[in-house]
Each structure stands twice: as C-alpha cells, then as structure tokens.
Amino acid sequence: MALVSRARLTLGLSDVGAEIHQLLAQCTKPLGEWLPLPAVKEAGLNAVCLIDAEDYMPTLEAEELSEGFGGMTGLLEEQVFAAFQDSLSKHSAKDANDYYTAVRTFVVRNPVATRKQLLKFLAALPSAVWACIEQQFYEPLPGALVAGETATLCGHCNNVMTAQPGGLRCMTAACAAEHAATPGRTLPAADLLRLNRSLRKYWLEPGIDEIRLADRLAARGHTVRMYPNRDMVDLDLGEGSPVGIDLKAYSSPELLGERLRRRPGGLKNYKTQLLVIPDWMARRVPHYVERVSACLEGSSIRALTLSDTVEVLGHA
Ligand SMILES: [Zn+2]
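Residues numbered from 1 in each chain as written. Predicted model: local features only at pLDDT ≥ 70, side-chain atom pairs only at ≥ 80, totals over all residues. Heavy atoms only, no water.

Details of the sheet that holds strand E1 (residues 112-114)
Reading across from one edge, E1-E7-E2 is the order of the 3 strands in this open sheet, with antiparallel pairing throughout. Both outer strands of the open sheet, E1 and strand E2 (138-140), are each paired with one neighbouring strand and no more. On average, each strand axis in the sheet is tilted by 40 degrees relative to the strand beside it, whichever way the strands run. Here E2 pairs with strand E7 (residues 192-195) via 3 bridges, running antiparallel. Looking across to E7, one finds that Glu139 is bridged to Arg194. Against the sheet, helix H8 (residues 115-122) engages E1, E2 and E7, with an angle of about 90 degrees to E1. Across the face of the sheet, helix H9 (residues 127-137) comes into contact with E2 and E7 while running at roughly 40 degrees to E2. (Pairing = 2+ DSSP bridges. Helix = DSSP H or I, 4+ residues; strand = E, 2+ residues; numbered from the N terminus. Axes fitted to C-alpha atoms, helices over the stretch in contact; angles between N-to-C directions. Contact = heavy atoms within 4.5 Å.)

Structure (structure tokens):
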C-alpha cells in the first residue's frame, strides 16, 4: 500500500494506496490505468486486473504474481477441490481418470443446470463423487440474477444471462468475448443451480475455449481427450499421442511466458507441446503470440492461437 501511494504521488496522481477499500476498488481495473509506471509496462502488466470485477476474487494473473508469497489464494482452490480428488481416490486410476474427465466436461458445458439434469448426470457416478458434486459444486441461482420467476440462459455456453442497459449479457467472460449476446432457453429460476465461483474461475472460464478447441478438432476427425490423467494437460489427441495442449488466457503474455518457462507442468510429457491462446485474447492484446513466444525462447513449448492450432493439426 505504501509503495502504491508513493508511486502515484510521484506521478502527480491522487493517493489511492492509503485506504484498503479504495485500493481494492482500483485493483478491479487494468494496472496500466491506475498505476502507469514504466516498470508495470515493461513487465507486460498494463492489461492485468488483480481482482475480478464480477466475482471479487483474485484473478489467475494475480495468483501468478503472488506465487511464492505464501499463497492464501491457493488455499481457496484446494478446499473446493480436495473433496473431489478424495472422492476419486477410492477408485482405480483408470476409473478415477474417466470420472474426472466426465465431471469436468459436464461442468464446463453446464455452468447452470436444472436439478433434474444434474441428477440425471450424477446417477452414472459412484455415490461419493455424486455427493461431492451435488453438495459442493453447484448452488442455487442468486436472486440478483433472476428477472422475476425466470432466468434466461446463454444460447452458446448455458450460463445465466444478466440484464444490462442495451439487453442481456452472458456472464461467462470467455463466451461474451467471442460471441454477440444470444439468449437461449428461459427457465423457471427455482429449478436452476449454478456453479460456485471457484469452479467458474478455475474450470468454466478457461474451459469454454478448451471445449471450443476440442469440438473443432473432433470435427476434423481427431480423437480428443479432455483433461487426460486427471488434468495432466488440458487436452491431447488420444492415448500415446505426441501432441499435448494447454490453453491459457492470461491478459499478460509476458506473465504467461515466464510462468510456463518455470513450470511447464504436464506438457513436458509430450513431444509436441502446444500452448494455445484463445482467439479473442490474441485479438485484444497487441502481438500476443509474438510476445509470449519471445518469453518461451529456448523452451520446447510452441505458442499458437486457437484457430492456428486447428489449422496446424489439420485433419486426422
Ligand atoms: Zn455464454
């Protein structure tokens, strides 16, 4: 806080670092807007928001930047996902992998589900996994999102749409960034459940583009596995395939490049290591792929936009 105050005053700007709530409010805006320091720009952080303005949670970029500072943000995720991993651990590795993929894919395709639809999906799962999803992943739709007795779902991603001046807007950022608002089904709000905010952040938002890529590759005849071996990578092209793919939508290519160079994760198990940037992100941030590639020099990871990935992998 003191450093923010000093930096802003040095730049001839008002002091927003002295009061925590004022500072947190600034953190929902891109750093370049309220902390226009040369060091921020050089680190590629101008477009980075530290707090998600919709959910009031630290963004993935904020978590990356605070890595090594005794992460309290990591804990939040651990609590939500520990029970799920625990429920899987009682099964054989193959079954656990299959359940993991089935649950995560369902979650990404159904950010909002009717009770009936959820129960129908859960019926095929073992009871411990079933209980975990039903009790911890989904919650009743908040009243603030409901217009009267009904709610309208997005025609693309099935998330709830919220009213704003000019019409309805899909609440999935990765969906709204790619598509014009497309209202789909309107359903009784009391029947609907939606994902809790940790799942929306860690699974749904990145998952929208992961599914988009998977569907386009599958349409070209590829055997696509989502989240193989309980999320070793986001997707690969079948058992024993040389191609492993991770998709990331960080607003800073420099932050992303540095992170993958230090921690390539499951990609290192593959011969062809692809880092996929959603098309909307590559359009939004100038020279995204060139910038992330410059940070990855010397690594085996190749960065591509989603559309270029589909072209490069071609038909199976
Ligand atoms: Zn949507």
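Having seen it, we continue.
Quick notes on the pattern of salt bridges
Tallied over the entire structure, the rule returns 20 salt bridges. Among the salt bridges present, the one from Glu64 reaches Arg263, with a minimum N-O distance of 2.8 Å. A residue pair is termed long-range when its members are at least 10 positions apart, and Glu64 in helix H5 (residues 60-65) and Arg263 in the loop between helix H13 (253-262) and strand E11 (272-277) qualify at 199 residues. Given the relative accessible area of 8%, Glu64 is considered buried. Accessibility expressed as a relative area gives 31% for Arg263, which makes it partly exposed. The partner of Arg212 in a salt bridge is Glu178, and the shortest N-O contact between them spans 3.7 Å. Of the two residues, Arg212 is situated in helix H11 (residues 197-219) and Glu178 in the loop between helix H10 (173-176) and strand E6 (183-188); the sequence distance between them amounts to 34 residues. The exposure class assigned to Arg212 is buried, which follows from its relative accessible area of 17%. (Salt bridge = Lys/Arg side-chain N within 4 Å of Asp/Glu carboxyl O. Buried < 20%, exposed > 50% of the residue type's maximum accessible area, 1.4 Å probe, protein only.)

Looking at the pairing of strand E4 (residues 161-164)
Where E4 meets strand E5 (residues 167-170), 4 bridges bridge the pair, whose relative direction is antiparallel. Pairing of Ala163 across the sheet is with Leu168, part of E5. Hairpin remark: E4 followed by E5, antiparallel, with 2 residues in the connecting loop; positive phi at Gly166, about 100 degrees.

Comments concerning the domain arrangement of the protein
Each domain of the protein was delimited in the assignment, giving domain 1 (2-71), domain 2 (90-195) and domain 3 (204-313). Look at where the C-alpha atoms of domain 1 and domain 2 centre, and you get two points 31 Å apart. (Domains from an automatic or database assignment.)

Examining helix H1 (residues 2-10)
Owing to its 3.6 residues per turn, the α-helix brings residues three or four apart onto one side. Listing the buried residues of H1 in full gives Val4, Ser5, Ala7 and Arg8. As for H1, its buried residues are in contact with helix H2 (20-26) and helix H3 (31-34). Of the residues flanking the end of H1, it is Gly12, one or two places downstream, whose phi is positive at about 80 degrees.

A word on the coordination of the zinc ion
On the protein side, the zinc ion has Cys154 (SG), Cys157 (SG), Cys170 (SG) and Cys175 (SG) as donor atoms, found 2.3 to 2.4 Å from it. For the zinc ion, the 4 donor atoms in the first shell make angles of 96 to 118 degrees at the metal, a pattern classed as tetrahedral. Look at where the donors of the zinc ion fall in the sequence and you get C-x2-C-x12-C-x4-C. Placement of the pair is Cys154 in strand E3 (residues 150-154) and Cys170 in strand E5, with a sequence separation of 16 residues. You'll find Cys154 and Cys170 in the same group, each marked buried. (Donors = N, O, S within 2.8 Å, 3.2 Å for Na, K, Ca; no water. Tetrahedral: all angles 85-135°; square planar, octahedral: opposite > 155°, others 65-115°.)

Re the side chain of Ser251
Mapped onto the fold, Ser251 is located in the loop between strand E10 (243-247) and H13. Setting aside residues up to four positions removed in sequence, Ser251 forms contacts with Ala47, Val48, Glu61, Met281, Val285 and Tyr288.

A closer look at the nonpolar core
Counting 80 residues, the largest nonpolar core has Phe84, Val103, Phe137, Tyr138 and Trp203 as the members making the most contacts within it. It is H11 that contributes the most residues to this core, 9 residues altogether. (Core = buried A, V, L, I, M, F, W, Y, C linked by side-chain atoms within 4.5 Å.)

Overview of the environment of Ala316
Note that Ala316 resides in the segment after helix H16 (306-313). Along the sequence, Ala316 and His222 sit 94 residues apart, while their C-alpha atoms lie 5.1 Å from each other. Excluding residues that lie within four positions of it along the chain, Ala316 makes contacts with Arg220, Gly221 and His222.

Describing the packing of helix H7 (residues 93-109) against H8
For any two helices packed against each other, one specifies the inter-axial angle together with the distance between the axes. For the pair H7 and H8, the least separation of the axes is 12 Å and the interaxial angle reads 165 degrees. In terms of orientation, H7 and H8 fall into the roughly antiparallel class. Crossing angle aside, the handedness with which H7 passes H8 is right-handed. On H8, the residues touching Ala102, Val103 and Phe106 of H7 are Gln117, Leu118 and Phe121. Of the residues contributing to the contact of H7 with H8, the split by class is 5 nonpolar, 1 polar and no charged. (Parallel < 35°, antiparallel > 145°, perpendicular 65-115°, else oblique. Left-handed = near helix turned anticlockwise from the far one by under 90°. Nonpolar A, V, L, I, M, F, W, Y, C, P; charged D, E, K, R; others polar.)

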